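Structure assessment
Here is what each chain is made of, one letter per residue.
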Amino acid sequence: MALKSLVVFSLLIVGIAMPLAQAQLLGGILGPLLGLLRIQGILYCTPNGNIGVNGTATPVFPNALVQLQCGGNVVSTATTNGSGLFSILLDPVNFLLSTLVSGCKVVVNTPLASCNANLPSVGGLVSNLQFIGNTLTGLLNIANLIPSGFQFNANLN
């Protein structure tokens with residue numbers, strides 16, 4: 001009876017361990033193919049595109065065109081929704097995380113005056129990117145990036 005229990009227990013362990021080992025192996029081999037790079041944030045209707053002091057009621061910037069520029073070239077775009085949220089998804093086969101953080105910027109050329117007539121009608125907002133961590137959804141690994149802080153640039157447009 002003890003031998004029979006040992007055999008059943010061993011089969012259970014092998015039955016559980018093998019799929020886990022295969023999933024880890026596939027995740028390592030296919031990781032770049034089963035991953036995404038996600039750049040997202042909320043754009044506010046302020047002179048610097050960031051939330052007001054102490055989280056005060058700050059209006060968002062809807063319908064703004066957000067560009068991802070790498071080496072001066074636009075590589076992807078998104079438009080903010082009614083809540084000022086934008087999201088850009090990239091394929092990690094075409095982009096390296098280190099290149100995004102060091103050589104790319106989020107640029108908003110939409111004039112600030114389009115969300116508030118008291119703000120400048122020329123220029124735009126620019127931000128570097130910051131990696132904030134990974135999200136694992138099943139076998140899909142999502143690298144999350146956010147704007148590190150928008151700055152107004154009067155020379156844009």
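Residue numbers run consecutively from 1 along every chain, following the written order of its sequence. Only residues with pLDDT of 70 or above have their local features reported here, since the model is predicted, and side-chain atom pairs are shown and tallied only from 80 upward, although totals for entire chains, interfaces and linings are computed over all residues. With hydrogens and water set aside, each side-chain value is computed from the structure's full complement of heavy atoms.

The name recorded for the protein chain in an unreviewed UniProt entry is Phylloplanin-like, from Rehmannia glutinosa.

Attention shifts here to the overall build of the protein chain. Each helix is a run of DSSP H or I of at least 4 residues and each strand a run of E of at least 2, with the numbering of both proceeding from the N terminus. Helices and strands together make up the secondary structure of the protein chain, namely two helices and eight strands. Residues count as neighbours in contact if any of their non-hydrogen atoms are within 4.5 Å of one another. Partitioning the contacts of the protein chain with sequence separation of at least 6, the portion at a separation of at least 24 is 57%. Computed with a 1.4 Å probe, the accessible areas rest on the Shrake-Rupley method; for each residue, only the protein chains presented here act as cover. Just so you have it, the protein chain exposes about 9200 Å², and 63% of that area is on carbon and sulfur atoms.

Whenever a pair of cysteine sulfur atoms sits within 2.5 Å, that pair is classed as a disulfide. Here the structure, examined in full by the defined rule, presents two disulfides. Note on cysteine connectivity: Cys45 is disulfide-linked to Cys115, with sulfurs 1.9 Å apart. In this structure, the disulfide formed by Cys45 and Cys115 twists by about 90° around the S-S bond and is classed as right-handed. With a gap of 70 residues between them, Cys45 in the loop between strand S1 (35-42) and strand S2 (65-70) and Cys115 in the loop between strand S5 (104-108) and strand S6 (124-137) connect regions that are remote in the sequence.

Quick look at the nonpolar core now. Ranked by internal contacts, the top residues of the largest apolar core, which has 24 residues, are Ile39, Leu68, Leu100 and Leu129. Counting only elements with at least two residues in this core, the list comes to S1, S2, strand S4 (85-90), S5, S6 and strand S7 (140-147). Residues within four places of Leu100 in sequence aside, it is in contact with Leu37, Leu68, Cys70, Leu90, Phe95, Leu129 and Leu145. The nonpolar core is taken to be a set of buried Ala, Val, Leu, Ile, Met, Phe, Trp, Tyr and Cys residues, with the residues joined through side-chain atoms within 4.5 Å. Throughout this description, buried means an accessible area under 20% of the type-specific maximum (1.4 Å probe, protein chains only), exposed means over 50%, and partly exposed covers the range between.

Here the focus is unusual backbone geometry. Most of the time, phi is negative for any residue but glycine, and the peptide bond is trans. Phi at Asn63 is positive, roughly 60°, even though this residue is not glycine. When you line up the elements, Asn63 lands in the loop between S1 and S2.

In this section: the side chain of Ser76. When you line up the elements, Ser76 lands in strand S3 (residues 73-79). Apart from the residues lying within four places of it in its own chain, the contact partners of Ser76 are Val66, Gln67, Leu68, Ile88 and Leu90.

What follows covers the confidence of the model for the protein chain. Residues of the protein chain with pLDDT of at least 70 account for 76%, and the chain-wide mean is 81. The predictor reports its confidence for every residue as pLDDT, a score running from 0 up to 100. The low-confidence segment residues 5-31 (pLDDT under 50) makes three contacts with residues lying over four places distant or belonging to another chain.

Here we come to the pairing of S3. Of the pairings in the sheet, the one linking S2 to S3 comprises six bridges and is antiparallel in character. Residue Leu65 lies in a different strand from S3, and its bridge partner there is Thr79. Between the antiparallel neighbours S2 and S3 lie two residues, among them Gly71 with a positive phi of about 60°. DSSP bridges decide pairing: two strands pair if at least two such bridges lie between them.

This brings us to the environment of Ala78. The topology assignment puts Ala78 in strand S3. When its relative accessible area of 10% is taken as the criterion, Ala78 is described as buried. For the pair Ala78 and Val66, spaced 12 residues apart in sequence, the C-alpha to C-alpha distance is 5.2 Å. With residues near it in sequence (within four places) discarded, Ala78 still touches Ala64, Leu65, Val66, Phe86, Ser87 and Ile88.

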